Protein chains: 2
Amino acid sequence: MPLSKNTEKYVRSLSQKKFRQLHNRFIGEGDKLVKEILSNESIKIEILFALEEWYAENEQLVKSRQSKVEIVSSKELRKISQLKTPNQVLVVAEQLDVQLNPKDVQSSWSLYLDRIQDPGNMGTLLRIADWFDIRTVFYAPSSAETYNPKVIQASMGAFLRVQHIEMEFEDLQQQFPDLPTYATVMNGTSVHDAKNNQKGIITLGNEGKGIASEIIAKTDHKITIPSYGKSKMESLNVAVAAGIICAVLKKK
Amino acid sequence: MPLSKNTEKYVRSLSQKKFRQLHNRFIGEGDKLVKEILSNESIKIEILFALEEWYAENEQLVKSRQSKVEIVSSKELRKISQLKTPNQVLVVAEQLDVQLNPKDVQSSWSLYLDRIQDPGNMGTLLRIADWFDIRTVFYAPSSAETYNPKVIQASMGAFLRVQHIEMEFEDLQQQFPDLPTYATVMNGTSVHDAKNNQKGIITLGNEGKGIASEIIAKTDHKITIPSYGKSKMESLNVAVAAGIICAVLKKK
C-alpha cells in the first residue's frame, strides 16, 4: 500500500522541534540505530518504515515489538527521511521518559551544558558522557534540543542510554546543594590538579560565549585545560574540552 | 567599480579543491580570520574584498600589506562567499609553503591523520595541535584537504600556525626511523600508562574505519582511552580522542 499523504505529512512534520514536542516523538534512522531502538524495550515505537529487503532480513526483530510497520519504496523513504542518503529504515518513536535518579547524581559525575548551540557538539557530548559512564546530562533551556536529528546522529545512539534533562543551573544546585560543581574557564586550576572526590557537576559552556557568568560565580571549582607553547587559541572545541576533563577526572 | 565577471568566476572556482590546487590559493573569510591573515607576514595575499565599512575601520592594517583591494557591496560579497552568512571581508591568499622541520619532528610530538574524512574533524584536529604546541600534522593522501573552507573555519586560524603536510605513513617512518609511533586502537595499553619520552608520532584514524591495519602493524605503541561502566560506544569522536591523548601525553 503506498504511503498516505497524511502519514508523509506527519513524519515530515517531525523534522521540526515544535511538532516533535507536540507529539512527544523523535525519528531514528538507519540500520544500526533502528536495531538499537528495536532492542531497547523501554522505547515505545509508533511506526516503522522499511524497505522490503531490510524488513525481510529483520522480520523477527521487528515482530518482537508492537509497532505498526509500513513497507516503503526507496522513493517513499526519501520523502520522509531527514538524511541526505536515506538508509533502509526509519522509526517514529516516543521520546524517553526523563527519570532523574537523585542517588546516581549525588554519588557520581554529571554534565551541565550551558546553551550548547551546535547539534553536532550536543550529540558528541552525549557520546562522551556514555563513554565515561556519566548517566545524567543536564542542559540549559536554550541549548540545542536533544531530539534534533543531527544530535541523534552525532550521539551514535548515546541519546538512548544517557539521561538528558532540561534544567536551569540554579534549580539543579537547589536540588543538590552539597554536590561539588566544576566549571571550565580560561584561568582556573589545571584540570590535572583539580580536587576530586569522583562526584560533581561539570559545566561546559556555549561555543562562542562560554559559561554564563552567573553560573561561574556559583561554581566551586574553576578548572582549565593547560595549553602549551605560544598557542594563540582562545579555547578548544567544547566537546574536545569535555572529553579531556572527563578522561582526567575519571582517572583519579 | 563593480566586481568583474572574471573575478567573480575566479574566486568562486576556489571553492573547488582542484582549482585551489591549480592556483595554489585558499580563501579566508570573516573579520577575525582575515585580520589574522593580514597580521601574518609570511602569508602572501593576492586580493582582499571588503565592504566599505570594514575597509574604513581597517585601512591601516590593509595598507601595511601589498594586496590588491576591491571594495564590494553585500550583494557582491554574497556572490563570492562560501559562508551561509557572508561576513564583511574575504581574502584570496597563497597556500603556505610546507616547511618540514626535521629537528622539531625528531624531538617533539606530531600527529599523523589517516584518512580523516570530515572537514570539521580535520579543522578541530589542527586546533587541538595548536593548543598542545604540536607544530606538525601529517596526513594521509586521501584525507580531507586542509584548505577546504570548512577545515579552515573549524580550525579557528590554527591552519595558519600548524604545519600540515601530506605524506604516506611509510615515508614518514623512513624519514624518522627512530621516532616512537603511537596508534589509538580498541584494546591497547591505557593512554594513562603509555610509555612516553615526550616525543613521537600519534596516529588517529578514519571516522568509520579507524587506522589502516598496515599502519597499526608498523606502530610501536598501541594505546586506548579507557571507557567506564557498561558503555556500548565503540569509539569516541576522533577529535575528542585526539584531545584526550594529547592532554594526557603532554602532561607527563
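Criteria and cut-off values
For every chain, the first residue of the written sequence is number 1, and numbering continues from 1 onward in sequence order. In the order they appear in the text, chains get letters beginning with A and ligands get numbers beginning with 1. Where totals are concerned, whole chains, interfaces and linings use all residues; where local detail is concerned, this predicted model gives features only for residues with pLDDT of at least 70, and gives and counts side-chain atom pairs only at 80 or more. Hydrogens and water are ignored here; the side-chain numbers use all heavy atoms of the structure. To qualify as a helix, a DSSP run of H or I must reach at least 4 residues; to qualify as a strand, a run of E must reach at least 2; elements of each kind are numbered from the N terminus. Residue exposure (1.4 Å probe, protein chains only): buried if accessible area is under 20% of the type maximum, exposed if over 50%, otherwise partly exposed. Each accessible area is a Shrake-Rupley result for a 1.4 Å probe, and residues are judged covered by the shown protein chains and nothing else. We treat Lys and Arg as the positive residues and Asp and Glu as the negative residues; His and chain ends play no part in the count. Lysine's charge is taken at NZ, arginine's at CZ, aspartate's at CG and glutamate's at CD. Pairs of residues are marked as contacts when any of their non-hydrogen atoms sit within 4.5 Å. We call two strands paired when DSSP finds no fewer than two bridges between them. Working convention: axes come from line fits to C-alpha atoms, limited for helices to the stretch in contact. Angles between N-to-C directions cover 0 to 180 degrees. Residues forming no salt bridge and having over 30% relative accessible area are the ones grouped into patches, like charges within 9 Å of each other and nonpolar side chains (Val, Leu, Ile, Met, Phe, Trp, Tyr) within 5 Å. By definition, a salt bridge exists where a carboxyl oxygen of Asp or Glu is found within 4 Å of a side-chain nitrogen of Lys or Arg. In this comparison the copies share one frame, found by least squares on the C-alpha atoms of residues holding pLDDT of at least 70 in both. Working definition: roughly parallel below 35 degrees, roughly antiparallel above 145 degrees, roughly perpendicular at 65 to 115 degrees, and oblique for all remaining angles. Working rule for handedness: look at the near helix, and if it is turned counterclockwise from the far one by less than a right angle, call the crossing left-handed; if clockwise, right-handed. Ten residue types, Ala, Val, Leu, Ile, Met, Phe, Trp, Tyr, Cys and Pro, are classed as nonpolar, four, Asp, Glu, Lys and Arg, as charged, and the remainder, Gly among them, as polar. The term buried area means the drop in 1.4 Å probe accessible area that two parts suffer when joined, counted for both and summed. The definition of a polar contact used here is a pair of N or O atoms within 3.5 Å, where within protein one atom must be able to donate a hydrogen and the other to accept one, and adjacent residues in sequence count solely through side-chain atom pairs. Throughout, the arc means that of the directions going from the helix axis to the C-beta atoms. Here pLDDT means the predictor's own confidence in every residue, given as a number from 0 to 100.

Student: Quick one: what's the story with the overall build of chain A, residue by residue and with numbers?
Tutor: Within chain A one finds 12 helices and 10 strands. For chain A, the spread of C-alpha atoms along the three principal axes comes to 65 × 40 × 30 Å. Per-residue burial for chain A yields a buried fraction of 53% across its 252 residues. Of the roughly 12100 Å² of accessible surface on chain A, 46% is carried by carbon and sulfur atoms. Averaging the positions of the 33 positive and the 30 negative side-chain charges in chain A gives two centres separated by 4 Å.

Student: Could you give an account of the environment of leucine 204 of chain A, with specific residues and numbers?
Tutor: All names here are of chain A. Structurally, the position occupied by leucine 204 is in strand E9 (residues 200-205). With 65 residues separating them in the primary sequence, leucine 204 and tyrosine 139 have C-alpha atoms 9.6 Å apart. Filtering out sequence-adjacent residues up to four positions away, leucine 204 remains in contact with Leu111, Tyr112, Leu113, Asp114, Ile116, Leu125, Thr184, Ile211, Val238, Ala241, Ala242 and Ile245.

Student: So, the sheet that holds strand E2 (residues 45-51) of chain A: which residues are in play, and what are the values?
Tutor: Residue and element names in this part refer to chain A. Strands sit in the order E1-E4-E2-E3 across an open sheet of 4 strands; the sheet is mixed. Of all the strands in the sheet, the pair left with one neighbour each is strand E1 (25-29) and strand E3 (68-72). Direction aside, neighbouring strands of the sheet carry axes that sit 15° apart on average. Pairing analysis gives 5 bridges linking E2 to strand E4 (residues 89-94), with the strands arranged antiparallel. Bridge pairing links isoleucine 47 to valine 92 in E4.

Student: Talk me through a negative patch on the surface; I want residue IDs and the actual numbers.
Tutor: All names here are of chain A. Residues Glu166, Glu168, Glu170 and Asp171 make up a contiguous surface patch of negative charge. Looking at the element boundaries, glutamate 170 is found in helix H10 (residues 169-175). Given the relative accessible area of 48%, glutamate 170 is considered partly exposed.

Student: Describe the relation of the copies chain B and chain A, naming the residues involved and giving the relevant values.
Tutor: Note on the identical chains: chain B maps onto chain A by a rotation of 180° and an axial translation of 0.0 Å, with an RMSD of 0.0 Å. Each copy turns onto its partner about a two-fold axis.

Student: I'd love a proper account of the packing of helix H12 (residues 238-251) of chain A against helix H12 (residues 238-251) of chain B, names of residues and values included.
Tutor: With their axes 8 Å apart at the nearest point, H12 of chain A and H12 of chain B run at an angle of 45° to one another. It follows from the interaxial angle that H12 of chain A and H12 of chain B lie oblique. As H12 of chain A packs across H12 of chain B, the resulting crossing turns out to be right-handed. The residues of H12 of chain B that touch H12 of chain A, namely those facing Ala239, Val240, Gly243, Ile244 and Ala247 of chain A, are Ala239, Val240, Gly243, Ile244 and Ala247 of chain B. Each residue belonging to the contact of H12 of chain A with H12 of chain B can be placed in one class, and the counts come to 8 nonpolar, 2 polar and no charged.

Student: So, the interface of chain B and chain A: which residues are in play, and what are the values?
Tutor: Facing the 33 residues of chain B at the interface are 33 residues of chain A. Buried surface at the junction of chain B and chain A, both sides included, amounts to about 3000 Å², of which 68% is carbon and sulfur. For chain B, the biggest contributors to the area lost against chain A are Trp131, Tyr228 and Met233 of chain B; these three give 28% of the whole. The interface formed by chain B and chain A contains 2 salt bridges. Here chain B and chain A share 10 residue pairs in polar contact (both at pLDDT 80 or more) between them. Of all the secondary-structure elements, those providing two or more residues to the side of chain B that touches chain A are helix H7 (119-131), helix H9 (158-161) and H12 of chain B. It is H12 of chain B that contributes the most residues to the side of chain B that touches chain A, 7 residues altogether. Among the residues forming the side of chain B that touches chain A, the class breakdown is 14 nonpolar, 9 polar and 10 charged.

Student: Now, about helix H3 (residues 31-38) of chain B: what can you tell me, with residues and values included?
Tutor: Residues and elements named next belong to chain B. Those residues of H3 lying buried are Leu33, Val34, Ile37 and Leu38. For H3, the buried positions fall inside an angular range of 135° around the axis, keeping them on one side. Taken together, the buried residues of H3 touch strand E1 (25-29), strand E2 (45-50), helix H4 (52-63), strand E4 (89-94), helix H8 (149-155) and H9.

Student: Please give an account of the pattern of salt bridges that cites residues and values.
Tutor: In total, this model carries 26 salt bridges over all chains according to the counting rule given. Among the salt bridges present, the one from glutamate 234 of chain B reaches lysine 32 of chain A, with a minimum N-O distance of 3.3 Å. One end of the pair, glutamate 234 of chain B, is in the loop between strand E10 (221-224) and H12; the other, lysine 32 of chain A, is in helix H3 (residues 31-38), on a second chain. Note that arginine 161 of chain A and glutamate 36 of chain A form a salt bridge whose closest N and O atoms lie 2.1 Å from each other. With a gap of 125 residues between them, arginine 161 of chain A in helix H9 (residues 158-161) and glutamate 36 of chain A in helix H3 connect regions that are remote in the sequence. Residue classification places glutamate 36 of chain A among the partly exposed positions, given a relative accessible area of 21%.

Student: I'd like a description of the sheet that holds E4 of chain B, backed by residues and values.
Tutor: Residues and elements named next belong to chain B. Here we have 4 strands laid out as an open sheet, ordered E1-E4-E2-E3, and mixed in their pairing. Strand pairing shows two members of the sheet lacking a second neighbour, E1 and strand E3 (68-71), which therefore form its edges. Between one strand axis and the next, the sheet turns through 15° on average, direction left out of account. Relative to E3, E2 runs parallel, the two being bridged by 4 bridges. Note on E3: the bridge partner recorded for alanine 50 is isoleucine 71. H4 contacts E2, E3 and E4 of the sheet and is inclined by roughly 145° relative to E2.

Student: Account for the confidence of the model for chain A, with residues named and values stated.
Tutor: Residues with a pLDDT of 70 or more make up 100% of chain A, whose mean pLDDT is 95. Confidence estimates for the predicted assembly give a pTM of 0.93 and an ipTM of 0.92.

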